[in-house]
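Residues per chain, in single letters:
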Amino acid sequence: MAILKVIKNRYSVRAYQDRPVAPEVLQTVFEAARQAPSARNMQDWRFVVVQDGAVRKRLMAAANHQAFVAQAPVVIACCATQPDYVMRCGQRTAQIDVAIAIDHMTLQAVEEGLGTCWIGSFYEDQVKEILGIPDGVTVIELLTLGYPADRPPASKNRQPLDEIVAYEKW
Ligand SMILES: Cc1cc2nc3c(=O)[nH]c(=O)nc-3n(C[C@H](O)[C@H](O)[C@H](O)COP(=O)(O)O)c2cc1C
């Protein structure tokens, strides 16, 4: 699929079929993450893949009880091991690098007929406890993944290009 079509077809999937994701399909999603760019090529991302139903339920509770977190056959805790590294521009690398990797995953998921939803509404301390994530490692986001049981929105609510892009000057 052409990349812009994949991008336009991605939407936040909040209802999932009760259908597992085959390991070889899952692997293509992580391969997309692996190919992502990162500051100094640090590749400081680690993914904890949760498929166990009981653990997904606990993650759902840690994610403000968003029901689809337990419904999705796969929940991925997207982590960084060096969350305090700051670039010359003053920005931390971890959030940026992990976000790029997640975005790659969401797009490869579309290519595979899968859906995803970013989850930023979660209690990090609870997720770390549930998954045994050590001190010093940060959970940047959770990502749900699975075959959609809902339908894409008719259109996306997005700002017009001329409001978000300026040429040559602010
Ligand atoms: C960093 C981030 C955190 C998000 N957290 C949540 C969340 O906790 N729960 C949820 O249902 N959607 C969450 N979303 C999805 C956004 O609401 C969604 O991307 C946005 O409304 C645009 O809709 P679309 O993804 O369908 O294009 C999150 C998205 C991003 C990028």
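Residues numbered from 1 in each chain as written. Predicted model: local features only at pLDDT ≥ 70, side-chain atom pairs only at ≥ 80, totals over all residues. Heavy atoms only, no water.

Time to look at the overall build of the chain. Scanning the chain from terminus to terminus reveals seven helices and four strands. Overall, the chain shows an N-to-C arrangement of helices and strands of α-α-β-α-α-β-α-β-α-β-α. In summary, the chain has a C-alpha radius of gyration of 17 Å against a globular reference of 15 Å for 170 residues, a match within 12%. Overall, the chain is about 55 × 40 × 30 Å in size when its C-alpha atoms are taken along their principal axes. In the chain, the proportion of contacts linking residues at least 24 apart, taken out of those at least 6 apart, comes to 76%. Of the accessible surface of the chain, which amounts to about 10,200 Å², a share of 51% is contributed by carbon and sulfur atoms. A distance of 3 Å separates the average location of the 18 positive side-chain charges in the chain from that of its 19 negative side-chain charges. (Helix = DSSP H or I, 4+ residues; strand = E, 2+ residues; numbered from the N terminus. Rg over C-alpha atoms; globule rule 2.2 N^0.38 Å. Contact = heavy atoms within 4.5 Å. Areas by Shrake-Rupley, 256 points an atom, 1.4 Å probe, with all protein chains shown as cover. Lys, Arg positive; Asp, Glu negative; His and termini not counted. Charge placed at Lys NZ, Arg CZ, Asp CG, Glu CD.)

Interaxial distance between helix 3 (residues 53-62) and helix 6 (residues 124-131) falls to 9 Å at its minimum, and their mutual angle equals 165°. When the axis of helix 3 is compared with that of helix 6, the two are roughly antiparallel. Crossing of helix 3 against helix 6: the hand is right-handed. The residues of helix 6 that touch helix 3, namely those facing Val55, Arg58, Leu59, Ala61 and Ala62, are Gln126, Val127, Glu129, Ile130 and Leu131. Residues belonging to the contact of helix 3 with helix 6 are distributed by class as follows: seven nonpolar, one polar and two charged. (Axes fitted to C-alpha atoms, helices over the stretch in contact; angles between N-to-C directions. Parallel < 35°, antiparallel > 145°, perpendicular 65-115°, else oblique. Left-handed = near helix turned anticlockwise from the far one by under 90°. Nonpolar A, V, L, I, M, F, W, Y, C, P; charged D, E, K, R; others polar.)

Once that is clear, we can look at helix 5 (residues 93-111). Taking 1.5 Å of rise per residue, the 19 residues of helix 5 would be expected to cover 27 Å, and the 27 Å separating its terminal C-alpha atoms lies within 8% of that figure. Within helix 5 the residues assigned to the buried category are Thr93, Ala94, Asp97, Val98, Ala101, Ile102, Met105, Thr106, Leu107, Ala109 and Val110. Looking at the buried side of helix 5, the elements it contacts are helix 1 (3-9), helix 2 (23-34), strand 1 (46-50), strand 2 (74-80), strand 3 (115-119) and strand 4 (138-146). Residue Gly113 follows helix 5 closely and has a positive phi angle near 80°. (Expected span 1.5 Å × (residues − 1). Buried < 20%, exposed > 50% of the residue type's maximum accessible area, 1.4 Å probe, protein only.)

The next point concerns the site of the ligand. Not every one of the 14 residues close to the ligand is listed here, only the nearest: Ser12, Arg14, Gln66, Gly120 and Arg158. Residue Gly120 places a main-chain N or O atom 2.9 Å away from a nitrogen atom belonging to the ligand. Residue Ser121 places a main-chain N or O atom 3.1 Å away from an oxygen atom belonging to the ligand. Against a free-state accessible area of 630 Å², the protein chains account for coverage of 62% of the ligand. (Near = heavy atom within 4 Å. Polar contact = N/O pair within 3.5 Å; in protein donor to acceptor, adjacent residues only side chain to side chain.)

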